[in-house]
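# Survey of secondary and tertiary structure
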Amino acid sequence: MKNRDRLRIAIQKSGRLSDQSQDLLSKCGLKFRSSRDKLFCFGESLPIDLLLVRDDDIPGLIEQGVCDLGVVGRNVLREQELSVRARGEAPLFGELRALGFGRCRLSIAIPQELEYEGVAQLSGLRIATSYPSLLGDWLRENQVDARTVVLSGSVEIAPRLGTADAICDLVSSGATLVANQLKEAAILLESEAVLAGASVTPDDERGELLELLLRRLDGVLQVRE
Ligand code: PRT
Ligand code: ZN
């Protein structure tokens, strides 16, 4: 890991987690001066800087040592953790704290007209998802022999297009499933935004900064409970 004397946190640049991630860090007493391109924000109150990125890049940035921490959905973190493990490697990042916002669940949904009678019924189906590792893991655990169709977006229309029989996607209110004549059959993962960090704490000034930030964060999270 590269030596740095400032801690670097990656958060989502624009999306569902952006505002609440910024809000949480400011409640921890962090103030930033944003640069003109707004990808990098310099920390003014403490030597802790921000990097604004796509959520999917956050685990990789921690793994490469570009960032020390990140705020990301557990769904993204676990998916990437499983894909690292599938390569026979140990992930260099992990979940440090659950943050209590961005709640959703990763679920399998089937056409509304089907009666759901249990996992065995999913055998032989084509299931569309952007989470092939989490789905594959769950299918193996439940001994379901289904085919995974990997799509990067618009997963919910796959059954109507005829490219899949069921889907495995994030659900929060359930409105998207209803709009696509689907219903939830099984929950694979309960998700929320989490603070992710390197598996090994940096052995320099950043280690102390990390401790300080975690203490402040725990205080903020406790008040929110
Ligand atoms: O651009 P970038 O790659 O950074 O963003 P993104 O488009 O990949 O992510 P974004 O901003 O959509 O979501 C970021 C994170 O928010 C996700 O990884 C989840 O951890 C969390 N989150 C919480 C959700 C939802 N709720 C959610 N409802 N992410 C996506 N959805 C989508 C879902 O995929 C489906 O299309 O909303 C639809 C379902 O919502 P309901 O309310 O109709 O059930
Ligand atoms: Zn994304």
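Predicted, not measured: the structure shown is a model, and the values here were computed from it.

A few words on the site of ligand 1. Every one of the 21 residues lining ligand 1 counts as a neighbour, but Arg54, Asn75, Ser173, Gly174 and Thr176 are closest to it. In the model, an oxygen atom of ligand 1 is placed 2.9 Å from a nitrogen or oxygen of the Arg16 main chain. Between an oxygen atom of ligand 1 and a main-chain N or O atom of Ser172, the distance comes to 2.9 Å. Looking at the shell around ligand 1, the elements that each hand over two or more residues are helix H3 (74-86), strand E10 (166-171) and helix H6 (175-179). If one sorts the elements of the shell around ligand 1 by residue count, E10 sits on top with three residues. When grouped by side-chain class, the residues that make up the shell around ligand 1 number six nonpolar, nine polar and six charged. Two domains each put at least three residues into the shell around ligand 1: domain 1 (7-102 + 192-224) and domain 2 (104-190).

With that settled, the discussion passes to the packing of H3 against helix H4 (residues 132-141). With their axes 8 Å apart at the nearest point, H3 and H4 run at an angle of 70 degrees to one another. Here H3 lies roughly perpendicular to H4, going by the angle between them. Facing H3, whose interface residues are Asn75, Arg78, Glu79, Leu82 and Ser83, H4 presents Pro132, Ser133, Leu134 and Asp137. Residues of the contact of H3 with H4, tallied by class, amount to three nonpolar, three polar and three charged.

Here Asp68 shows up in the loop between helix H2 (58-63) and strand E5 (69-73). Overall, the relative accessible area of 6% leaves Asp68 in the buried class. A polar contact of 2.7 Å, which involves the side chain of Asp68, links it to the side chain of Arg206. With sequence-adjacent residues up to four places away left out, Asp68 is seen in contact with Arg4, Arg6, Leu7, Arg8, Ile62, Ala196, Gly197, Ala198, Pro202 and Arg206.

Once that is clear, we can look at the sheet that holds strand E11 (residues 182-191). If you walk across this open sheet you meet the five strands as E9-E8-E10-E7-E11, and the pairing is mixed. In this open sheet, the two strands that pair with only one neighbour each are strand E9 (147-150) and E11. The sheet shows a mean angle of 30 degrees between the axes of neighbouring strands, taken without regard to direction. Summarising the sheet, strand E8 (residues 126-129) and E10 pair through three bridges and their orientation is parallel. Bridge pairing in E10 places Ile127 opposite Ala166.

Partitioning the chain into structural domains gives domain 1 (7-102 + 192-224) and domain 2 (104-190). Its C-alpha centre places domain 1 at a distance of 29 Å from the equivalent point of domain 2. With nine residues of domain 1 at the contact, the number on the domain 2 side is nine residues. At the boundary of domain 1 with domain 2, total buried surface from both sides reaches about 790 Å², with 57% on carbon and sulfur atoms. In terms of surface lost to domain 2, no three residues of domain 1 exceed Asn75, Glu79 and Leu82, which account for 65% of the buried area on that side. Taken together, domain 1 and domain 2 are joined by zero salt bridges.

Calculation notes
Residues numbered from 1 in each chain as written. Chains lettered and ligands numbered in written order. Predicted model: local features only at pLDDT ≥ 70, side-chain atom pairs only at ≥ 80, totals over all residues. Heavy atoms only, no water. Near = heavy atom within 4 Å. Polar contact = N/O pair within 3.5 Å; in protein donor to acceptor, adjacent residues only side chain to side chain. Helix = DSSP H or I, 4+ residues; strand = E, 2+ residues; numbered from the N terminus. Nonpolar A, V, L, I, M, F, W, Y, C, P; charged D, E, K, R; others polar. Domains from an automatic or database assignment. Axes fitted to C-alpha atoms, helices over the stretch in contact; angles between N-to-C directions. Parallel < 35°, antiparallel > 145°, perpendicular 65-115°, else oblique. Contact = heavy atoms within 4.5 Å. Buried < 20%, exposed > 50% of the residue type's maximum accessible area, 1.4 Å probe, protein only. Pairing = 2+ DSSP bridges. Buried area = accessible area lost by both parts, 1.4 Å probe. Salt bridge = Lys/Arg side-chain N within 4 Å of Asp/Glu carboxyl O.

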